[in-house]
Each structure stands twice: as structure tokens, then as C-alpha cells.
Amino acid sequence: MRTDSINILAISGSTRKSSSNINLIKAIALLTAENFSVSIFDGLTELPHFNPDLDYGQVPEDEKVAGFRKQLRDADAVLICTPEYAVGVPGTLKNAIDWTVSTMEFSKKPVALITASTAGSRGHQSLLGTLLIIESKISVDTQLLISGIQTKLNSDFHITDEDTLKKVNQLISALTSIVKGEIQESQLLPAPLLN
Ligand SMILES: Cc1cc2nc3c(=O)[nH]c(=O)nc-3n(C[C@H](O)[C@H](O)[C@H](O)COP(=O)(O)O)c2cc1C
């Protein structure tokens, strides 16, 4: 790892032991070993259930929540890889993101979102909307839906599907450009309209 590596905090929406999303993060860590330093956030299931009464400024900050927020603040970029559950975003992941709404750790943070699932489009759109409304910096190239993930990745953390590998490499390169400030604001995805 080089000292000028880009620090990535990776979060898997699946906490399953042999999760394909965790394996995908590991595959991306291997692909980017020269330029990225990837830490996987492993505290998703330990965060308390979000409750505004327990949020920042109301009571002393929960230690686990404080740790999560700090890891987000310290990261140059965040990589989220997640399945879709019941056509939505996995609850543990949404719970973690809800803890950042008032403290705005995602605001202006370069983010890559990969939904790697059996299908996944509805969960992907939902999470993309959430991340954009909390001001994450995401371009069309730093979001990717990989349907049928089970057949596209092997247990040695290699992406075996050529087209998926190409798209993941494009995502890595686009995320790098956002971190380096090579992307204009106008090239980023806008926050969804609320009505
Ligand atoms: C509770 C539950 C709900 C699921 N719902 C969906 C779904 O709505 N859409 C979908 O594409 N896959 C769904 N799946 C299948 C997951 O996409 C698939 O198991 C995926 O590989 C899980 O990711 P992981 O390997 O990282 O755990 C569901 C799985 C579970 C356990």
C-alpha cells in the first residue's frame, strides 16, 4: 500500500458470512491494491436501532455510532455493496445510514454504490435516492447494478464475468476521478426531487 493511497471505507449491506457483497468488496480491494486502501466496516449489526431521541446533540453520543461516524469522516470515499432485500434496502444498512443524516458524514463524500443481488433494481434506486438526498457525490459511473451476482464472482474474490469486471473497473476509475476533484459538480447526479 502506498502512502498516497485513497482511503476507502467499504460497507456491505449483507452481514452474511459468505456474502457475495463482502466477497465483491474483497475483489475490488484486490483490483485496486495499488491505489486504494480499503477498510471494511464490520460494525453494522452492532449499531443501535436509530431513534432521533438518541441522536447527536440530544444525549451523549453512543460509542458505536461515534466510531462509525468517525470512520466515515476519515475516509476519502465510501464504497457500498449491497443486496436487495424484499425489493428494498437491507434494514441494517438503512439503519446505519439514518445515523448519519443529522451529522452529515455523507455530505460531499465521494460514494460508489453497487447493488449486487439476484435482481436488485428497486433496492438500488431507493438507496441511490437516499444517498443523493444526503448529498453524497455520485456520478452515473459510480453506481452499478449487478444482477445475478451469484454467477459473476468466484470464492477467490475474482469477478469472473467479463462485462461486470469492465463495469467495476469503470466504477473504480470514476470514483478515483471524483476523489481527485477531476469531476465537475455538473457531472454528478442531482438529488431527487421531493414531492
Ligand atoms: C430476506 C431476503 C430477501 C431477499 N429479497 C430479494 C429481493 O427483493 N431482490 C433480490 O434481487 N434478491 C433478494 N434476495 C436474494 C439476495 O439478492 C441474494 O441472496 C444475494 O446473494 C444476497 O447477497 P449476499 O450474498 O451478499 O448475502 C433476498 C434474500 C433474502 C435473504
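Each remark here, short or long, concerns the structure printed above.
This is a predicted model, so every value here is computed, not measured.

S.K.: Help me understand the overall build of the protein chain in this model?
M.R.: Across its full length, the protein chain holds five helices and five strands. When its helices and strands are written in sequence order, the protein chain yields β-α-β-α-β-α-β-α-β-α. Against the 2.2 N^0.38 benchmark of 16 Å for 195 residues, the protein chain shows a C-alpha radius of gyration of 16 Å, consistent with a compact globule. Dimensions of the protein chain, computed from C-alpha atoms along their principal axes, come out at roughly 50 × 40 × 35 Å. Looking at the protein chain residue by residue over its 195 residues, the buried ones come to 47%. Sequence separation of at least 24 residues holds for 81% of the intrachain contacts in the protein chain that already meet a minimum separation of 6. Accessible surface computed for the protein chain: about 10,200 Å², of which carbon and sulfur atoms make up 50%.

S.K.: Would you explain the pattern of salt bridges in this entry?
M.R.: Side chains bearing opposite charge may pair, as long as their charged atoms lie close to each other. Tallying each qualifying case throughout the model produces seven salt bridges. Glu105 is paired through a salt bridge with Arg73; the nearest N and O atoms lie 3.3 Å apart. You can see Glu105 sitting in the loop between α3 (91-98) and β4 (111-117) and its partner Arg73 sitting in helix α2 (residues 63-74), a full 32 residues away along the chain. For Glu105, a relative accessible area of 6% corresponds to the buried category.

S.K.: Teacher, can you tell me more about the sheet that holds strand β5 (residues 143-147) here?
M.R.: Sheet strands associate in pairs through backbone hydrogen bonding, adopting either a parallel or an antiparallel arrangement. Strand order in this open sheet of five strands is β2-β1-β3-β4-β5, and the pairing throughout is parallel. Taken across any chain shown, the strands that pair with only one partner, and hence form the sheet edges, are β2 (36-40) and β5. For this sheet, the mean angle separating the axes of adjacent strands, direction not counted, is 20°. Bridging between strand β3 (residues 77-82) and β4 involves five bridges; their strand directions are parallel. Residue pairing across strands places Leu79 opposite Ala112, the latter belonging to β4. Here helix α4 (residues 121-133) sits on the sheet and contacts β3, β4 and β5; the angle it forms with β4, its principal contact strand, is near 160°. Helix-sheet contacts for helix α5 (residues 162-179) involve β1 (6-12), β2, β3, β4 and β5, and the interaxial angle to β5 is about 160°.

S.K.: Help me understand the site of the ligand in this model?
M.R.: Residues in close proximity to the ligand total 15 residues, the closest being Ser14, Ser19, Ser20, Glu84 and Ala119. Ser117 is positioned with one of its side-chain polar atoms (N or O) 2.7 Å from an oxygen atom of the ligand. Across the complex, the protein chains shield 68% of the 630 Å² of accessible surface that the ligand would expose by itself. Its residues placed into classes, the shell around the ligand shows five nonpolar, eight polar and two charged.

S.K.: Is there a simple way to explain the pairing of β1 in this structure?
M.R.: Across a regular strand the side chains alternate sides, sitting on one face of the sheet and then on the other. Burial analysis of β1 places six of its seven residues in the buried class, which makes it a mostly covered element. Where β1 and β2 come together, five bridges link them in parallel fashion. Bridge pairing links Ile8 to Val38 in β2. For the crossover that starts at β1, traverses helix α1 (residues 20-31) and ends in the parallel β2, the hand is right-handed. Pairing of β1 with β3 involves five bridges; the strand directions are parallel. Paired with Ile8 across the bridge in β3 is Ala77.

S.K.: When you look at the nonpolar core in this model, what are you seeing that I'm missing?
M.R.: Nonpolar side chains in soluble globular proteins tend to be buried together. In this structure, Ile11, Ile80, Ile97, Phe106, Leu127 and Leu131 are the most contacted members of the largest nonpolar core, which totals 25 residues. The element best represented in this core is α4, accounting for four residues. Not counting the four nearest positions on each side in its chain, Phe106 is found in contact with Leu72, Val78, Ile80, Ile97, Thr100, Val111, Leu131, Ile134, Glu135 and Ser136. Of all hydrophobic cores here, the second largest spans 23 residues; its members include Ile25, Ala77, Ile149 and Leu153.

S.K.: Honestly, the packing of α3 against α4 in this entry has me stumped. Any pointers?
M.R.: In a pair of packed helices, the angle between the axes and the distance between the axes together describe the arrangement. Across the interface, α3 lies against α4 with an axial gap of 12 Å and an inter-helix angle of 10°. When the interaxial angle is binned, α3 and α4 end up roughly parallel. Contact with α3, carried on its side by Leu93, Lys94 and Ile97, involves Leu127, Thr130 and Leu131 of α4 and no other residues of that element. Its residues assigned to classes, the contact of α3 with α4 comprises four nonpolar, one polar and one charged.

About the thresholds
- Residues numbered from 1 in each chain as written.
- Predicted model: local features only at pLDDT ≥ 70, side-chain atom pairs only at ≥ 80, totals over all residues.
- Heavy atoms only, no water.
- Helix = DSSP H or I, 4+ residues; strand = E, 2+ residues; numbered from the N terminus.
- Rg over C-alpha atoms; globule rule 2.2 N^0.38 Å.
- Buried < 20%, exposed > 50% of the residue type's maximum accessible area, 1.4 Å probe, protein only.
- Contact = heavy atoms within 4.5 Å.
- Areas by Shrake-Rupley, 256 points an atom, 1.4 Å probe, with all protein chains shown as cover.
- Salt bridge = Lys/Arg side-chain N within 4 Å of Asp/Glu carboxyl O.
- Pairing = 2+ DSSP bridges.
- Axes fitted to C-alpha atoms, helices over the stretch in contact; angles between N-to-C directions.
- Near = heavy atom within 4 Å.
- Polar contact = N/O pair within 3.5 Å; in protein donor to acceptor, adjacent residues only side chain to side chain.
- Nonpolar A, V, L, I, M, F, W, Y, C, P; charged D, E, K, R; others polar.
- Right-handed = clockwise from strand over helix to strand, strands pointing away.
- Core = buried A, V, L, I, M, F, W, Y, C linked by side-chain atoms within 4.5 Å.
- Parallel < 35°, antiparallel > 145°, perpendicular 65-115°, else oblique.

Taken by themselves, the reported measurements are silent on function.
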